[in-house]
Amino acid sequence: MTFQVLRNTHYALRFTFHALRFTFHVLRTTFFIERKRLTDMSFHFKDGYLYCEQLRIKDIQEQVPESPFYLYSLKQITENYKAYETALAGLESIIGYAVKANNNLAILKHLRELGSGAVLVSGNELRMMLAAGFHPRRTVLNGNGKTLSELTLAAQHGVMIN
């Protein structure tokens with residue numbers, strides 16, 4: 001996951017977590033494991049099997065008609081978000097999720113419910129942000145090469161433009 005902590009519309013501190021996308025045969029994680037046992041993580045190995053939280057991924061795979069598939073841990077996404085929230089406690093900041101990292105609507109809505117803002121680079125991401133219900137004042141449209149229609153849409157909704 002890529003999170004950007006927005007101080008104002010002029011600059012952002014960027015923090016990157018790897019996307020929490022997993023296929024049944026690939027586990028790519030970069031987590032801070034301080035004071036945590038590996039089995040405390042949302043994705044872990046136990047008895048020779050890979051688990052997501054308390055569910056054996058092999059059992060999930062057998063129920064999914066197509067493979068490979070994406071499997072997310074909302075628990076881990078929440079823990080990652082809360083780690084940023086804790087680190088920034090007392091600072092005037094907005095934690096903004098980079099929609100380009102993963103535009104799964106359910107995950108976007110979950111992050112919004114946690115209090116996240118959104119970081120966008122395109123009109124399509126702006127439409128995804130609106131569909132997920134992010135507050136426009138907690139959203140920034142970044143980057144160059146924006147079309148007039150993208151800038152107009154952002155301005156109409158009160159999205160910060162960087």
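What you see is a predicted model; the values in this text were computed from it and never measured. (Residues numbered from 1 in each chain as written. Predicted model: local features only at pLDDT ≥ 70, side-chain atom pairs only at ≥ 80, totals over all residues. Heavy atoms only, no water.)

## Describing the overall build of the protein
Which entries qualify depends on this criterion: Helix and strand definitions here come from DSSP, where helices need a minimum of 4 consecutive H or I residues and strands a minimum of 2 consecutive E residues; each element is numbered from the N-terminal end. Here the term buried applies to any residue with accessible area under 20% of the maximum for its type, exposed to any over 50%, and partly exposed to those in between, with areas from a 1.4 Å probe on protein chains only. Surface accessibility follows the Shrake-Rupley procedure with a 1.4 Å probe radius. Residue values consider only the protein chains on display as shielding.
Per the secondary structure count, the protein includes 5 helices and 9 strands. Across the 162 residues in the protein, those meeting the buried criterion constitute 42%. About 9,400 Å² of surface is accessible on the protein, with carbon and sulfur atoms providing 53% of the total.

## A few points about the sheet that holds strand S5 (residues 55-56)
Put simply, the rule is: We call two strands paired when DSSP finds no fewer than two bridges between them.
As summarised here, the arrangement of the 3 strands in space is S3-S4-S5, forming an open sheet in which the pairing is antiparallel. Each having just a single partner strand, strand S3 (43-46) and S5 make up the two edges of the open sheet. In terms of strand pairing, S3 meets strand S4 (residues 49-52) through 4 bridges, oriented antiparallel. Bridging from a neighbouring strand, Phe43 pairs with Cys52 of S4.

## So, the pairing of strand S6 (residues 94-98)
Note the cut-off: By the criterion used throughout, a crossover qualifies as right-handed when its path from the first strand across the helix to the second strand runs clockwise, the strands pointing away from the viewer.
The buried fraction of S6 is high, at 5 of 5 residues. Here S6 shows a buried face lined by Ile94, Gly96 and Ala98 and a second buried face lined by Ile95 and Tyr97. Examined bridge by bridge, S6 and strand S7 (residues 117-120) share 3 bridges and lie parallel to one another. Note on S7: the bridge partner recorded for Gly96 is Gly117. Crossover connection from S6 via helix H3 (residues 105-114) to parallel S7: handedness right-handed.

## A closer look at the nonpolar core
For clarity, the threshold we go by: The term nonpolar core refers to a set of buried residues drawn from Ala, Val, Leu, Ile, Met, Phe, Trp, Tyr and Cys, joined through side-chain atoms within 4.5 Å. By definition, residues are in contact when any of their heavy atoms lie within 4.5 Å.
Ranked by size, the top nonpolar core spans 23 residues in total, and within it Leu108, Leu111, Leu120, Leu126, Met129 and Val159 carry the most contacts. When contributions to this core are tallied by element, the ones reaching two or more residues are helix H2 (74-87), S6, H3, S7, helix H4 (123-132) and helix H5 (148-156). Excluding residues within four positions of it along the chain, Leu120 makes contact with Val99, Glu125, Leu126, Met129, Thr139, Val140, Leu141, Asn142 and Val159. Among the nonpolar cores identified, the runner-up in size contains 7 residues, and Cys52, Ile60, Phe69 and Leu71 belong to it.

## Structural notes on the packing of aromatic side chains
Keep this limit in mind: Put simply, two rings from Phe, Tyr or Trp (the six-membered ring, in Trp's case) pair if the centres are within 6.5 Å, and we call them stacked under 30 degrees between planes, edge-to-face over 60, tilted for the rest. Geometrically, a charge over a ring is one whose NZ (Lys) or CZ (Arg) sits within 6 Å of the ring centre while staying within 35 degrees of the ring normal.
The final tally for this structure, using the stated rule, is 1 aromatic pair. Between Lys46 and the ring centre of Tyr51, over which it is positioned, the NZ or CZ distance is 5.1 Å.

## Looking at the environment of Ala98
Inspection of the secondary structure assignment puts Ala98 in strand S6. The buried category is assigned to Ala98, whose relative accessible area is 2%. Each C-alpha atom, one on Ala98 and one on Thr139, is 9.8 Å from the other, the two residues being 41 residues apart in sequence.

## Details of the pattern of salt bridges
Think of it this way: side chains of opposite charge can pair up when their charged atoms draw near. To keep it simple, the criterion reads: Should a side-chain nitrogen of Lys or Arg be within 4 Å of a carboxyl oxygen of Asp or Glu, the pair is scored as a salt bridge.
For the structure on display, the rule yields 2 salt bridges. When the shortest N-O distance is used, the salt bridge between Asp59 and Arg56 registers 2.6 Å. By relative accessible area, Arg56 is classed as partly exposed at 22%.

## A short note on unusual backbone geometry
Looking along the chain, the bond that leaves Ser67 and enters Pro68 is cis, with omega of 0°. Topologically, Pro68 is positioned in the loop between helix H1 (57-63) and H2. Of note, Asp47 is a non-glycine position whose phi angle comes to about 55°, a positive value. Relative to the helices and strands, Asp47 resides in the loop between S3 and S4. Among the residues examined, Asp47 registers a relative accessible area of 66% and is labelled exposed.

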